[in-house]
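Breakdown of the fold
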Amino acid sequence: MPVCPKCSRKSSQIGEMCACGSGYVVRDGGGDDPIGILGTLVMGKYIPVAVLRVERELIEYEVLQRSVDRFLTLGIAAPEYMKNPENAETFRRVVERCALIKQQNIPTILDVFSIPELQTMGATSDARKGEPLSSVLASGICDFVALMHIAHQILQAFSALHRNGLPFPGCGMQNVFILSSGGNSAFVKLRGFVQANLNPSARNATILDDVFQVGQLVLSIMTGQPLPITSVELPKEKAFLLPIVQLFMRACAPEDQRYPSCTELLYAFEAAFDLNSRPSEPYPVAEPKLPKTPSRQRAPLTPDQIAWMHRPPQREN
């Protein structure tokens, strides 16, 4: 039951002002708040009602935007982290560049602002929803079509990032969430992009590293094998997956043999399913001196080209 973080009085409505007048009502068990903003009004419009994640660099909250009565995610750079000017510049650069990308499988950055009273910055994005991919796979409800649909959306998201020169260091199953959107019951959202780029250890990350990570991730989704994957042996009943496995094995090859980015990997994946009716040569399992795939202009995709192709989301349940 919703509770006031100041007086612990119970209430029926999250986000309303408590009768004690000291703060706004938050979710019961809203988490430990390292900077003490739960139940306060941030920037005159956001009420943090729960702590979603606490890292050394970033603290994420579920917030209520009162003016439109909707829930969002608010990421605040940890004030201690922002004392370093280089860190502050990294945060600003990452969120501002990410805000330029409008792709349905990546959370949309809605607002970027300074918080003078905390000597830091924050950014809001759409609300966190869905189940982690690992939980969905463990349930066993996904068939081959659904798994390929999920893989396709992951590639589309990474392609959008790579076209803007942005890597996603260390992305794994913990960053992939599955939710319902409109009539799509296997809609993908990638989470954790900003946090991944704030960690000092990620500053040397490259797009080629992402290609490897995505190759490993999709191979694990397809085969159920734990990471790292160095070889794949398909049972006879799954032999039809071999051409797709070959694509992602090439993504895991040595750097000079990988796809230059996930954009080229996306093109190869779509060509394997003939989504664009675009001529394409088959890609073998990684061999020495494989040429890099040239960039191609491609026709826009339409939802009816393949049964599992998703439509743009209308709403999120």
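Residues numbered from 1 in each chain as written. Predicted model: local features only at pLDDT ≥ 70, side-chain atom pairs only at ≥ 80, totals over all residues. Heavy atoms only, no water.

**A look at the packing of aromatic side chains**
Scanning the entire structure with this criterion turns up six aromatic pairs. Judged by centre distance (5.1 Å) and plane angle (85°), the ring pair of F144 and F240 falls under edge-to-face. Pair noted here: F144 is in helix 4 (residues 144–163) and F240 is in the loop between helix 6 (207–223) and helix 7 (242–251), with a separation of 96 residues, a long-range link. Given the relative accessible area of 28%, F144 is considered partly exposed. Relative to F168, the ring of F158 lies with its centre 5.9 Å away and its plane at 25°, an arrangement referred to as stacked. (Phe/Tyr/Trp six-rings, centres within 6.5 Å; stacked < 30°, edge-to-face > 60°. Helix = DSSP H or I, 4+ residues; strand = E, 2+ residues; numbered from the N terminus. Buried < 20%, exposed > 50% of the residue type's maximum accessible area, 1.4 Å probe, protein only.)

**Topic: empty space enclosed by the protein**
Here the idea is plain: a probe the size of a water molecule rolls over the atoms and shows the empty space left. Enumeration according to the criterion identifies one cavity of 30 Å³ or more in this entry. Quantified by volume, the largest cavity comes out at close to 230 Å³. Considering the residues around the largest cavity, the lining is formed by 21 residues, among which E60, P107, I109, S125 and V194 are closest to the centre. Every element with two or more residues in the lining of the largest cavity is listed here: strand 2 (58–65), strand 3 (70–77), helix 2 (85–98), strand 5 (120–126) and helix 5 (193–198). Grouping the constituent residues of the lining of the largest cavity by class yields twelve nonpolar, six polar and three charged. (1 Å grid on protein atoms, 1.4 Å probe; cavity = no way out; pocket = protein on both sides within 12 Å on 5 of 7 lines; lining within 4 Å. Points joined across faces, edges and corners; volume = space filled by probe spheres on them. Nonpolar A, V, L, I, M, F, W, Y, C, P; charged D, E, K, R; others polar.)

**Structural notes on helix 8 (residues 262–272)**
For the α-helix, the turn length of 3.6 residues means that residues three or four positions removed from each other point alike. Within helix 8, ten of the eleven residues are buried, which leaves it mostly tucked inside the rest of the structure. Among the residues of helix 8, those classed as buried are C262, T263, E264, L265, L266, Y267, A268, F269, E270 and A271. Of the surrounding secondary structure, the elements contacted by the buried residues of helix 8 are helix 4, helix 6 and helix 7. Where helix 8 begins, one side-chain oxygen reaches toward the backbone nitrogen of T263, 3.1 Å away; that side chain belongs to S261. (Contact = heavy atoms within 4.5 Å. Polar contact = N/O pair within 3.5 Å; in protein donor to acceptor, adjacent residues only side chain to side chain.)

**Regarding the pattern of salt bridges**
One pass over the structure, following the stated rule, counts ten salt bridges. A salt bridge links D28 to K10; the shortest N-O distance between them is 3.2 Å. Of this pair, D28 sits in the segment before strand 1 (46–54) while K10 sits in the segment before strand 1; the two residues are 18 residues apart in sequence, bridging distant segments of the chain. In this structure, E55 and R53 form a salt bridge, with 3.1 Å as the shortest nitrogen-oxygen distance. Linked by salt bridges that have partners in common, D126, K189 and R191 make up one network. (Salt bridge = Lys/Arg side-chain N within 4 Å of Asp/Glu carboxyl O.)

**Side note on helix 2**
The end-to-end C-alpha separation of helix 2 is 20 Å, in line with the 20 Å expected for 14 residues at 1.5 Å each. Looking at helix 2, one finds that the buried residues are N87, A88, T90, F91, V94, V95 and C98. Around the axis of helix 2, the buried residues are gathered within 160° of arc, so they sit on the same side. Check the buried side of helix 2 and you find it contacts strand 2, strand 3, helix 1 (79–82), strand 4 (109–115), strand 5 and helix 5. In this structure N84 caps helix 2, since a side-chain oxygen of it lies 2.8 Å from the backbone nitrogen of E86. (Expected span 1.5 Å × (residues − 1). Arc of directions from axis to C-beta.)

**What to know about the packing of helix 4 against helix 8**
Interaxial distance between helix 4 and helix 8 falls to 8 Å at its minimum, and their mutual angle equals 145°. Crossing geometry of helix 4 relative to helix 8 is assigned as left-handed. Along the contact surface, helix 4 presents M148, A151, H152, L155, Q156, F158, S159, H162 and R163, while helix 8 presents C262, T263, L265, L266, F269 and E270. Looking at the contact of helix 4 with helix 8, its residues break down into eight nonpolar, five polar and two charged. (Axes fitted to C-alpha atoms, helices over the stretch in contact; angles between N-to-C directions. Left-handed = near helix turned anticlockwise from the far one by under 90°.)

**Quick look at the sheet that holds strand 2**
Strands sit in the order 1-2-3-5-4 across an open sheet of five strands; the sheet is antiparallel. With partners counted over all chains shown, the strands left at the sheet margins are strand 1 and strand 4, one partner each. Across this sheet, the average inter-strand angle for adjacent strands is 25°, counted without regard to direction. The pairing of strand 3 with strand 5 spans five bridges and is classified as antiparallel. By the bridge assignment for strand 5, I76 is matched with G122. Strand contacts of helix 2: strand 2, strand 3, strand 4 and strand 5, with the helix running at about 25° to strand 5, the strand carrying the most contacts. (Pairing = 2+ DSSP bridges.)

**Considerations on the pairing of strand 7 (residues 176–181)**
With respect to burial, strand 7 is a largely interior element, five of its six residues being buried. As paired strands, strand 7 and strand 8 (residues 184–190) are joined by five bridges and run antiparallel to one another. By the bridge assignment, I178 is partnered in strand 8 with V188. Hairpin connection of strand 7 to strand 8: two residues between the antiparallel strands, including G182 at a positive phi of 60°.

**Topic: the pairing of strand 1**
The side chains of a regular strand alternate, first on one face of the sheet and then on the other. By the bridge criterion, seven bridges tie strand 1 to strand 2 in an arrangement that is antiparallel. The partner of I47 across the bridge, within strand 2, is L64.

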